[in-house]
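Overview (structure and organization)
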Amino acid sequence: MWSVVSAGELPARERFDWFEDLVTREVMPTALSVERPADFQAEAAVLDLRDVRVARFAFSPLRSRRTPALIRRGDPEQYQLGLIRQGVTVLSQHRNDCSAGAGDLLFWDTSRPSAADMPTASGPVRLTLLQLPRDVLPLRPQRVDRLLGSRIPGGHGVGAVLAAFLDSLEGHAGQCAPDDLPRLGSVVVDLVAACLAQNLDADDQLPAEARARALIQRIHDFVETHLGDPDLTPAAVAAGHHVSVRTLHQLFRAYGDGETVQARIRRRRLERCRDDLARPELLGRPVQAVAARWGFSGPAVFSRAFRAAYGLSPTEFRALSVKDVRAERTAGRAARS
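Residues numbered from 1 in each chain as written. Predicted model: local features only at pLDDT ≥ 70, side-chain atom pairs only at ≥ 80, totals over all residues. Heavy atoms only, no water.

Regarding unusual backbone geometry
- Despite not being glycine, Arg50 has its phi angle at roughly 65 degrees, a positive value.
- By secondary structure assignment, the location of Arg50 is in the loop between strand 3 (42-48) and strand 4 (53-59).
- With a relative accessible area of 62%, Arg50 lands in the exposed category.
- Of note in this structure, Asp201 is not a glycine but carries a positive phi near 55 degrees. (Helix = DSSP H or I, 4+ residues; strand = E, 2+ residues; numbered from the N terminus. Buried < 20%, exposed > 50% of the residue type's maximum accessible area, 1.4 Å probe, protein only.)

Some points on the sheet that holds strand 12 (residues 150-152)
- On the basis of which strands lie adjacent, the open sheet formed by seven strands has the order 1-3-4-11-6-9-12 and antiparallel pairing. The open sheet has two edge strands with one neighbour each: strand 1 (3-6) and strand 12. With strand direction ignored, the average angle separating the axes of adjacent strands in the sheet is 20 degrees.
- Sheet topology places strand 4 next to strand 11 (residues 125-133); seven bridges connect them, and they run antiparallel. (Pairing = 2+ DSSP bridges. Axes fitted to C-alpha atoms, helices over the stretch in contact; angles between N-to-C directions.)

Details of the environment of Arg326
- Looking at the element boundaries, Arg326 is found in helix 12 (residues 314-336).
- The class for Arg326 is partly exposed, based on a relative accessible area of 47%.
- Separated by 46 residues in the primary sequence, Arg326 and Pro280 place their C-alpha atoms 8.1 Å from one another.

Considerations on the pairing of strand 3
- For strand 3, the tally of buried residues reaches five of seven residues, placing the bulk of the element in the interior.
- Note that strand 1 and strand 3 share four bridges and pair antiparallel. In the strand pairing of strand 3, Ser6 is matched with Glu43.
- Hairpin remark: strand 3 followed by strand 4, antiparallel, with four residues in the connecting loop; positive phi at Arg50, about 65 degrees.

See the structure below:
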């Protein structure tokens, strides 16, 4: 699903020009400069989700300038939101200046001049970029403009939920069917809108459906964070989000992809246990310890649930998985020798 390109296959003297051309074509016309072009490295990957495009970038520190002339040359008329994964970025736009590091979000408008600097001392930059047509956000532009050139915390609130969703998207988008991608794009739009609204104190501007979809994603993130808690129940989930259990069940009926709250908790616990049981380095950890780590109340309950889900006992699954992994590693060593 991800379309990946890299400067690594090019001669060193061509890499920076290649990246500048890539940014101009895929993001927006921008003037880039770098201190040591001969040492420049970059790679990128793009995922189209209909209403929104997600791009991953990794590159050497540089300076970026988006001037009025470059805007006239080409403007996708987008809001763009960048999640900094590594490095530091200093951004200026719309009379705002900010500095952002790993875990922070940056927000800008392609139709306005901007400047961004990535200090060489901070090392390579990695970011995930969201490209959103301005008309997909259900917020008044006059309010949204207040956040241009601003740092948005990605460590708490809806920003943290958005960052977690992007982590999941980067790791699992390849497992999705093409028909799933537009729905994932809608989730991204809802989370971006909710994140901006939260930072503008403008939640009342969001349509009810967008608020509900953003809430269900916050609930999914809460469940992931608390899977190891044996007291994670629908009542605990509801209390953590200040809604009634009835409202929680209604949300899942409308937006839960056919799963109940309890079914999602059980499925994700089983998947985490399955992942641990397949890891050879955890072979010394007892099966019951794996089950307890992910919130199962006892080995008998876990064993029955695991067999019902995967057709094997946990011990049988572990033996087969570890055997397969070792066989793959042996074949890989043989191929390299």
